[in-house]
Structures are given as structure tokens and as C-alpha cells.
There are 6 protein chains.
Amino acid sequence: MTKALTHIDSDGNARMVDVGQKPDTYRMAVASGRITMSSKALTAIRDGDAPKGDVLGTARIAGIMAAKRTADLIPLCHPLPIDAVNIDFSFEDGAIRVIAKAHLTGKTGVEMEAITATSIALVTIYDMAKALDNGMTIQDISLIEKVGGKSGHWIAKGTDC
Amino acid sequence: MTKALTHIDSDGNARMVDVGQKPDTYRMAVASGRITMSSKALTAIRDGDAPKGDVLGTARIAGIMAAKRTADLIPLCHPLPIDAVNIDFSFEDGAIRVIAKAHLTGKTGVEMEAITATSIALVTIYDMAKALDNGMTIQDISLIEKVGGKSGHWIAKGTDC
Amino acid sequence: MTKALTHIDSDGNARMVDVGQKPDTYRMAVASGRITMSSKALTAIRDGDAPKGDVLGTARIAGIMAAKRTADLIPLCHPLPIDAVNIDFSFEDGAIRVIAKAHLTGKTGVEMEAITATSIALVTIYDMAKALDNGMTIQDISLIEKVGGKSGHWIAKGTDC
Amino acid sequence: MTKALTHIDSDGNARMVDVGQKPDTYRMAVASGRITMSSKALTAIRDGDAPKGDVLGTARIAGIMAAKRTADLIPLCHPLPIDAVNIDFSFEDGAIRVIAKAHLTGKTGVEMEAITATSIALVTIYDMAKALDNGMTIQDISLIEKVGGKSGHWIAKGTDC
Amino acid sequence: MTKALTHIDSDGNARMVDVGQKPDTYRMAVASGRITMSSKALTAIRDGDAPKGDVLGTARIAGIMAAKRTADLIPLCHPLPIDAVNIDFSFEDGAIRVIAKAHLTGKTGVEMEAITATSIALVTIYDMAKALDNGMTIQDISLIEKVGGKSGHWIAKGTDC
Amino acid sequence: MTKALTHIDSDGNARMVDVGQKPDTYRMAVASGRITMSSKALTAIRDGDAPKGDVLGTARIAGIMAAKRTADLIPLCHPLPIDAVNIDFSFEDGAIRVIAKAHLTGKTGVEMEAITATSIALVTIYDMAKALDNGMTIQDISLIEKVGGKSGHWIAKGTDC
């Protein structure tokens, strides 16, 4: 925690870390999460029969747009001109998995962009499918891989990359 | 699904439901979710020692502001002039729980506002504490109570209200 | 022009019209526009082979989201809690047509929402296809139908509805 | 199309191009478009008699602000820290022409900023003048000049620069 | 303060007031503020010679647009579908005065919209004129009149209305 | 004014300055302002008894978030990827002072970010405390220090730094 203390003010007030001394380097982050739902809802989504239309296409756009707005949503995040963010989906047993991958050449990591994209993509799936299942739950949003910065290439424990 | 078919177009394209025929009635929704973290991180947050400062105060504001932007984030949500949204936190064993409650007098439910507020509050906690623990995971975001609309007063199974 | 003078100040300065005295009534507006492009680009979009992926699905979401932000983009527009906005596409000879339809129960018309949705959907198609054709042109954005307000049910000349 | 295939995923899903490998170079783009209207409306705008006030001054600001929000409006556009965007107008026979010019030192072109600025400036003129003429039409939005990137200095066919 | 305690939670946490029980009534608010500057800067603005162009026209649009975004900027403000907001300027001795007037038919007052509009109009004047005078100061932003709600028709002491 | 004429067009129209030829250098700006209020209101804020909860914590977040949105609020400001912005408060006799400090490595100064942060933090205090005192006034918003650009290290007259 000694390191951390360099960017907390004496009163514990919210404070942006000053990244001005950091060089621009390659950064990448992958986040993931799942939304559990009934097999009826999963089938409707897979078959394009969900009541509001194309669930995954809409969630993909929502996630990408949210990633670009991360600094506008998360109070202490820095505005980052991301090189790209992309989102993939996979069907699991009783769930849809979202994987978001963000790229940047910049001064600080893009894990918040990946996590924000994942979260909003999942919330969008929730919105598109809530008429089919009111018991959906969003689970397991976490960082699974990160490149760049002090930690170098980091992979979450238990992740097959 | 017959009912749902009233608001899907013939090609499965994304489409906003027209709420114009619905009357303005009282709506309320409560959503909840958790972020798991190490005891070291939990202690730092509780003691006001997190590296970016006041974690829960910042997450509360982020969640409230995100709720007001739900229609700007979730593509097919309607813009809703919410009467209020508020956020509470509780410390659990190995996690912080977020509960968001939204109120509206309007034509459609506010569950998306409550779920968006919960999600962004959790993502903000992640941002504020990620220097303390890189293995945090967001879990169990779901709707736990809803008042208004066709379903009347709905409480999720297993919820003590 | 006598009527118009009720909402211009004496110096010709930009000024929002005060809609406070108007009742909430049903409003609907339909706008349309086209983007011309090469047959190669049209074929790629129709076949799902455009370089950035699903052109029409992305443009539909962009248009819907832009409609909800009309008052944030067009300086003197009123914030309107629209009941719905939806977007359809059709393939024409050498062009794609966008039709956007907006609904509101409110104090003023939704033609700007329909026109903003049309414009941003067309600009999004331009972005998604510009690697295929650098000579695309956006044409014929206009209002084609309007319901509500003083003009009652208005249909543009030459429109088959 | 072989080149294009490097940035489409295997399923045709919407996807941001990764610009991380590109160097920062000078970029410029000019877009243009027109809005046709009655001579009565043109005269009112020219004379400062339009019902909502200063039409062109308001449209200029709306276009500049929209250019800065391009990545927030167009789903797959990259956030670009533009060096400048400026907008000019000219009166034509039965129309007002908008010309928007954007500058950037960056990794990708600014044509979408120029086209977005043009579109929103035109839609703003529409809004400011719609009480004068309900038959206005937006025409001919296209790129007319571009500097930087693979295509070097590109000028649209038939353009006098 | 007893009244106030009805909308503070037990821990002093930030909290939106629930306006759901309030009826929609007519609301109006007027705010005002000034920016002091050198006579050279005042002259340049009055003569249209400021380095970035039309200062007051730009500040008017910025203020109107900011008013519409009040709930997006001020964390605990409610989203309000304002009926109108308008801004006027006057030249004073060594200063420019901004007056912003907002109207609403709704559940809560529009004083924050008027004050936000005033503030952002003043900050925009600062931006447009800062190359002319680096000692400008924004002064006296306050509410000067309010109609509606419990206080009825309120006028600030010392105001000539 | 000769210098200024390089960035004004011939008609006095609003125009963004092109910063493309400027190098990226270190920039810093400090702005300050005050809000006057009754001793009752000051005491409530200091003691955490204000009706909407934590006034200064909320104003700090609002100011930081507004700084990141400066280019979205002030029409001719450039989008700047700020390295940090932070906000401090002090209690004065009959007032609360806000000090905002912004950092950037970039092509143009960050004084507008510091001034926007100060203004919105003050407006947020107003919102949080208006139920306690309807005579609050925002005063003395000005730039107090600036580093970088042509003026080098500039300190406002009468400032003790």
C-alpha cells in the first residue's frame, strides 16, 4: 500500500491519479462476464425471436459505445483515445458469455474500458430479454487478461488463454 | 411469447416498444449486485484508505448519474424522467453489496434504471479498488423487487424484503 | 410571419420557443433519406460482407440512440420523452433508403427526432461502407408525414403512404 | 476487398478497426451538403428574421459540437482529439450550402467528423427554419476533399478546390 | 431543518429527493451573473472583433444546451423536460451580465437549470475572450426570481423586476 | 490584436483555433471560486447535515466529471485527454472556496478544464444547499495559476502561491 499512498490525498477524498509522467505504451485488456437465463430465453435469443429484436447485435453496439464513454461514466477514469474495442459472445449452458477486448497506445491501462463494455453489453442483453425471463442474473464480471504497464502480461488465475 | 410478438418486427430487427398507449402510473424497482474482493481491499475501503479516496461515496454518485443516463446507454430503453434513484451499500463477507432503488411516475418500468445504477456503481468500486486487488469479480446483478405495470408487486424468489 | 414573431426576440437572437402552454397530445413524424453508393458497396452490405460488419443493424441502433439525443444535438430542440422511434431500410437502385418514425405524447412535434435519426443512420452507413466506396452521397432527407399539432395529419407532396 | 477482410470478423459482426499500429500523421477532411428551401425561408434566414433567431450562427455551433461528439454518435468511430473543425455557409439558388473542414494529427482520418458536422449543421438549419417551410430537403452530403492516410490528397470528382 | 431531515438518510450520504408525490405545476426561475473584463475586451466583444468570433451568440447557445443537460452535470438534479430556457446579455461598466430564464411544467423547480445555463454561458464568454484578457472574473451568480413550488413567487432582495 | 487575427475569420463567425502545429508540452492550470452562504448553511455542510447529504464529496465528483466534459460543454474548446484534474475545498468566513487543478501533456492549455470544474463544483454546492439558504451567490471564479504555452508560468496578481 505504500505505493498507493502516492495518489491519495491526506483526507481520503476522491482524486484522479496524475498519469502525466507515464510514457505512451501498448495496452490491452480483456474482460468477461455472463448473464444466466432460462433455456426458453436462450433459445429465443439464438433463434432471433426475442421481443425487441437482435439481442447480441444490439448488445455489441451498446458495449462498444459504452467503452468509448468510460471516462464519462466512471468518475476517476482518464479519457483515453482507444485504438479499438471489440465484443464477442458465446452461448454457455444456461447463460450467454460476453468477452470484451480493448486496445490503446497510451499512459494508463484499458481494463476499465473492457469492464465497462462487458457490463453494459450484459445490461443490454438483460433489457432485450427481460420480457422472456424476469430471473436473469449477471455474473462473473472480471478482468481476464491485461498487457502493458507495470504488471506486464497478466492473466487471471484459472483462465485458459 | 404471443404477447411479445406484438413488439417485434417481422425481420427480428432491433425495435423500441411503443409505450404511447400506456397511462402514467407509479413504478418502482430495486436491483442489487455484489463485488467480491480480498479482505485487505475491503478493509481499505471501510477505513477510507483506498488509493483513489472515498470509494463508496464516489460509486454512489456514479450510480445515480448512470441511472439518469440509462436511455443514453441502453439502446432500446425509453428516456424516463425518474422521480428519484438512490443507492445503498453493505459490507458482506468478502464482498460489498450495492442496492439501487428507482422511482418513476410513468409509462414503463424503471428496472433498467435500477440495474444500470447497480452495474455502474459496482464498476466504479472496481476502478477505485483495482490497485488493491486485481481479482475482484462482480456478481449477482439482478432485479429483486418491482412495483407497477402488469406484474403488480413482484419480489424475486428467495428475497427477504 | 406574424405568428412567428411571437417567438423571436427583438434582436434576432437564438431562442427556444416556450411550449409550456401547449397540451400533451399524440404526435408522430416520419422522415426519410437515402445514401447512394456503388453496386459493389450495395452488394457487400446486402451480403453482410462490409468491412466493419453488420451495416444496417449498426445504423439502426445509431439512429435510434441519436433520436433520443436530439435535444442534446440540436440547440433549440426541447427534451422530449419519446414513446418510441424505429428505423427501417430498403434497398433501392444504387442507394439504401432509411425511414425513421417517431412517436410522442407531448407538447411539441417529433419531426426533429425523426430527421435526426434518419441523418445519423445515414452517416453510420457512410462510416461502415466508406472503405468500399469513397463517392457515397447522402440525399433527400426530408419529412414525409406528420401527425398532431396545428397541421393535423400532414403528408409531403408526392409521398405514397 | 481482400484488404477489407483484415478487419471483419468471421461472422460479419460489427467491429472497430484497430488503429494501434498506425502512426500519428496530419489528416484533414472537407465535407459538404445543402438544404433546399423556399425563397421566403432563404430571405428570412439571410435577413435574420427566422422565427427562432440566428439560424447560421446556431447551426455553426451545433455542427462544431457534433464533430467533437462523432465517436459518441457513430458506433464504430474512434475517439479523435481533433485539432479543429470549422464550418462555413453559402447561399445558393434555392438552398444553403454547408462546408465543414476538420483537422487532426492522428492515426485515422477525420472524414466522419466533417460529415457529422455537416449533417448536424444542416439538421439544425432545418429545425430553425421549419416554421417557414415544411418542404425543406437535405441534399448532397458527401466528402469533397481528404488529406492524409493511404489515399494521400484526394479530391472528389467534379470538385473545384 | 426538521423539514430537510425528511430527505436525508441516516448516514449523511448523497441522496436524490423523491419528487414522485408532487403534482406538475408551472415553474419558472431566473438566474443572473457577471463576468468582469478590461474595456479592451469588452470593446472587442461588442464590435465582433474577439479572436474566436461571435462571443455572445456562442455563449447563448452554450448556456441553452447546458440547461438541457443540468441533470447530467449536477449529480442529484432530476431530469426535467423544460418548456424553454432563454438567455440575455447586457453590457455593464467593466462587465457583461448574463440573465437566464427557465420554464417548466413539472414536479420540481428549474432554478438549477437557470443557474447552470448562467454559469456555462459565463464560462463560454471566458473561453472566447481569454486571449484578450487573462484577468477576467466571474461574479455574482445567483437566483433572482422564482415562481412555483412552496415559496410561490420569490424575488431576491434588492432585485428590480 | 494582430496575433488574434490569425484565428478569426473575416466575418466574425465562431471558429475553433487550429492547434495542429503546436507540440505536446506540459500544461497545468489552477482556477478558484467561492460560494457565499449563511452560517447556518455552512455549519450544516461542515457537520454533514445538509438535506441532500455529502455536499463536498458530491461537488468534487461533479467538478471532476465536468472537467472531462469541457469540450462537450464549451463550444470552441478542444477535446483534451487530461492527465488529471483534482478539486479541493476550504471553509472561509461566510463562504466555501473551490480550487481546481488540471494537468495535461498536450497542444493547448487546460485553463478551461480548471474553470469548468470550479464552476460545476460550485453549482453542485448550490444545488445541495439551496434548501438551507436561498441567497447563496457564486463569486470570484478566475484563473489563479497557469504553466505551459507562450506565457510560461503565470500567476494571477495578488495570489499567494
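Cut-offs and rules
- Residues numbered from 1 in each chain as written.
- Chains lettered and ligands numbered in written order.
- Predicted model: local features only at pLDDT ≥ 70, side-chain atom pairs only at ≥ 80, totals over all residues.
- Heavy atoms only, no water.
- Helix = DSSP H or I, 4+ residues; strand = E, 2+ residues; numbered from the N terminus.
- Buried < 20%, exposed > 50% of the residue type's maximum accessible area, 1.4 Å probe, protein only.
- Contact = heavy atoms within 4.5 Å.
- Areas by Shrake-Rupley, 256 points an atom, 1.4 Å probe, with all protein chains shown as cover.
- UniProt positions renumbered as here; feature names shortened; annotations may be inferred.
- Axes fitted to C-alpha atoms, helices over the stretch in contact; angles between N-to-C directions.
- Parallel < 35°, antiparallel > 145°, perpendicular 65-115°, else oblique.
- Left-handed = near helix turned anticlockwise from the far one by under 90°.
- Nonpolar A, V, L, I, M, F, W, Y, C, P; charged D, E, K, R; others polar.
- Least-squares fit on C-alpha atoms with pLDDT ≥ 70 in both.
- Buried area = accessible area lost by both parts, 1.4 Å probe.
- Salt bridge = Lys/Arg side-chain N within 4 Å of Asp/Glu carboxyl O.
- Polar contact = N/O pair within 3.5 Å; in protein donor to acceptor, adjacent residues only side chain to side chain.
- Core = buried A, V, L, I, M, F, W, Y, C linked by side-chain atoms within 4.5 Å.
- Phe/Tyr/Trp six-rings, centres within 6.5 Å; stacked < 30°, edge-to-face > 60°.
- Lys NZ or Arg CZ within 6 Å of the ring centre and 35° of its normal.
- Pairing = 2+ DSSP bridges.

### Quick look at the overall build of chain A
When helices and strands are tallied, chain A shows 4 helices and 5 strands. Each helix (α) and strand (β) of chain A, taken in turn from the N terminus, gives the series β-α-α-α-β-β-α-β-β. Over its C-alpha atoms, taken along the principal directions, chain A stretches across nearly 50 × 35 × 25 Å. Out of the 161 residues belonging to chain A, those deemed buried represent 66%. For chain A, the share of sequence-separated contacts (at least 6 apart) that also reach a separation of at least 24 residues comes to 72%. Entry remark: accessible area of chain A is about 5700 Å², with carbon and sulfur atoms responsible for 49%.

### Notes on the UniProt feature "active site" (unreviewed entry) in chain A
Feature annotation in UniProt assigns "active site" (unreviewed entry) to the following positions: Asp127(A). Positionally, Asp127(A) belongs in helix α4 (residues 111–129). Setting aside residues up to four positions removed in sequence, Asp127(A) forms contacts with Lys52(A), Ile74(B), Leu76(B), Cys77(B) and Met112(B).

### Focus on the packing of helix α4 (residues 111–129) of chain C against helix α4 (residues 111–129) of chain D
It is at 10 Å that the axes of α4(C) and α4(D) come closest, and there the two elements cross at 165°. In terms of axis orientation, α4(C) runs roughly antiparallel to α4(D). Between α4(C) and α4(D) lies a crossing of right-handed hand. Seen from α4(C), the contacting residues are Met112(C), Ile115(C), Thr116(C), Ser119(C), Ile120(C), Val123(C), Tyr126(C) and Asp127(C); seen from α4(D), they are Met112(D), Ile115(D), Thr116(D), Ser119(D), Ile120(D), Val123(D), Tyr126(D) and Asp127(D). When grouped by side-chain class, the residues that make up the contact of α4(C) with α4(D) number 10 nonpolar, 4 polar and 2 charged.

### Side note on the relation of the copies chain B and chain A
These two copies of the chain differ by a rotation about an axis and a displacement along the same axis. Of the transformation superimposing chain B on chain A, the axial component is 0.0 Å and the angular component is 180°, with the fit at an RMSD of 0.0 Å. On the angle and the small slide along the axis, the relation comes out as a two-fold axis. The position closest to the rotation axis in chain B is occupied by the C-alpha of Gln139(B), lying 2.2 Å away. By residue overlap, the copies meet face to face through one surface: 98% of the interface positions of chain B are interface positions in chain A.

### Side note on the interface of chain B and chain A
Taken together, the 50 residues of chain B in the interface contact 50 residues of chain A. Here chain B packs against chain A, burying approximately 4200 Å² in sum over the two surfaces, 65% of which is carbon and sulfur. For the pair chain B and chain A, the number of links is 2 salt bridges. The partner of Asp72(B) in a salt bridge is Arg69(A), with the nearest N and O atoms 3.1 Å apart. Joining chain B to chain A, the criterion identifies 12 residue pairs in polar contact (both at pLDDT 80 or more). Secondary structure elements with two or more residues in the side of chain B that touches chain A: α2 (55–68), α3 (70–73), α4 (111–129) and β4 (137–147) of chain B. It is α4(B) that contributes the most residues to the side of chain B that touches chain A, 11 residues altogether.

### Notes on the nonpolar core
In this structure, Ile125(A), Ile125(B), Ile125(C), Ile125(D), Ile125(E) and Ile125(F) are the most contacted members of the largest nonpolar core, which totals 336 residues. Dropping the residues within four chain positions of it, Ile125(E) is found in contact with Ile35(E), Met37(E), Ile45(E), Val55(E), Leu56(E), Ala59(E), Phe89(E), Ile96(E) and Val98(E).

### Some points on the pattern of salt bridges
Oppositely charged side chains may form a pair once their charged atoms are brought near each other. Applying the stated criterion across every chain yields a total of 60 salt bridges over all chains. Where Glu111(A) meets Lys146(A), a salt bridge forms, and the shortest distance between an N and an O atom there is 2.8 Å. Taken as a pair, Glu111(A) in helix α4 and Lys146(A) in strand β4 (residues 137–147) lie far apart in primary sequence, 35 residues in all. For the pair shown, Glu111(A) and Lys146(A) are each scored as buried. Here Arg34(B) makes a salt bridge to Asp140(B), at a shortest N to O gap of 3.1 Å. With Arg34(B) in strand β1 (residues 25–36) and Asp140(B) in strand β4, this pair connects stretches of sequence that are 106 residues apart. For Arg34(B), a relative accessible area of 18% puts it in the buried group. Counted as one network, the salt bridges with shared partners bring together Arg34(A), Glu92(A), Arg97(A) and Asp140(A).

### A look at the arrangement of the chains
Between chain B and chain D there is no contact; the minimum C-alpha to C-alpha separation amounts to 10 Å. At their nearest point, the C-alpha atoms of chain A and chain E are still 10 Å apart, with no contact between the two.

### Let's talk about the interface of chain C and chain D
Between chain C and chain D, the residue contacts involve 49 residues of the former and 48 residues of the latter. Of the roughly 4100 Å² buried between chain C and chain D on both sides combined, carbon and sulfur atoms contribute 65%. Counting across the chain C and chain D interface gives 2 salt bridges. Elements that contribute at least two residues to the side of chain C that touches chain D include exactly α2 (55–68), α3 (70–73), α4 and β4 (137–147) of chain C.

### Some points on the packing of helix α2 (residues 55–68) of chain E against helix α4 (residues 111–129) of chain E
Residue and element names in this part refer to chain E. One can describe the packing of α2 onto α4 by two numbers: an axis separation of 7 Å at closest approach and a directional angle of 145°. Crossing hand, α2 versus α4: right-handed. Of the residues in α4, those in contact with Val55, Leu56, Thr58, Ala59, Ala62, Gly63, Ala66 and Ala67 of α2 are Glu113, Thr116, Ala117, Ile120, Ala121, Thr124, Ile125 and Met128. When grouped by side-chain class, the residues that make up the contact of α2 with α4 number 11 nonpolar, 4 polar and 1 charged.

### Remarks on the packing of aromatic side chains
With the rule as written, the count across this model stands at 0 aromatic pairs over all chains. In this structure, Arg46(F) is placed above the aromatic ring of Phe91(F), and the distance from its NZ or CZ to the ring centre is 4.4 Å.

### Observations regarding the UniProt feature "binding site: substrate" (unreviewed entry) in chain A
Listed under "binding site: substrate" (unreviewed entry) in the UniProt record, and renumbered for this structure, are Leu76(A), Cys77(A), His78(A), Met112(A) and Glu113(A). These annotated residues cover 38 residues of sequence, but their C-alpha atoms sit close together, with the largest distance between any two at 12.6 Å. With respect to the secondary-structure elements, Met112(A) resides in helix α4. When near neighbours in sequence (up to four residues on either side) are disregarded, Met112(A) contacts Thr70(A), Cys77(A), Val123(B), Tyr126(B), Asp127(B) and Lys130(B). Residues within four places of Glu113(A) in sequence aside, it is in contact with Ala67(A), Thr70(A), His78(A), Leu80(A), Ile82(A) and Ala102(A).

### Description of the relation of the copies chain C and chain D
Placing chain C over chain D gives an RMSD of 0.0 Å and needs a rotation angle of 180°, together with 0.0 Å of translation along the axis. A share of 98% of the interface residues of chain C reappears at the interface of chain D, consistent with the copies meeting face to face through the same patch.

### Re the pairing of strand β3 (residues 95–106) of chain F
Residues and elements named next belong to chain F. Across 12 bridges, strand β1 (residues 25–36) lies against β3 in antiparallel orientation. By the bridge assignment for β3, Ala29 is matched with Ala102. In terms of strand pairing, strand β2 (residues 84–92) meets β3 through 9 bridges, oriented antiparallel. Along β3, the bridge assignment pairs Glu92 with Ala95. In this structure, the hairpin formed by β2 and β3 is closed by a connection of 2 residues, where Gly94 is found at a positive phi of approximately 75°.

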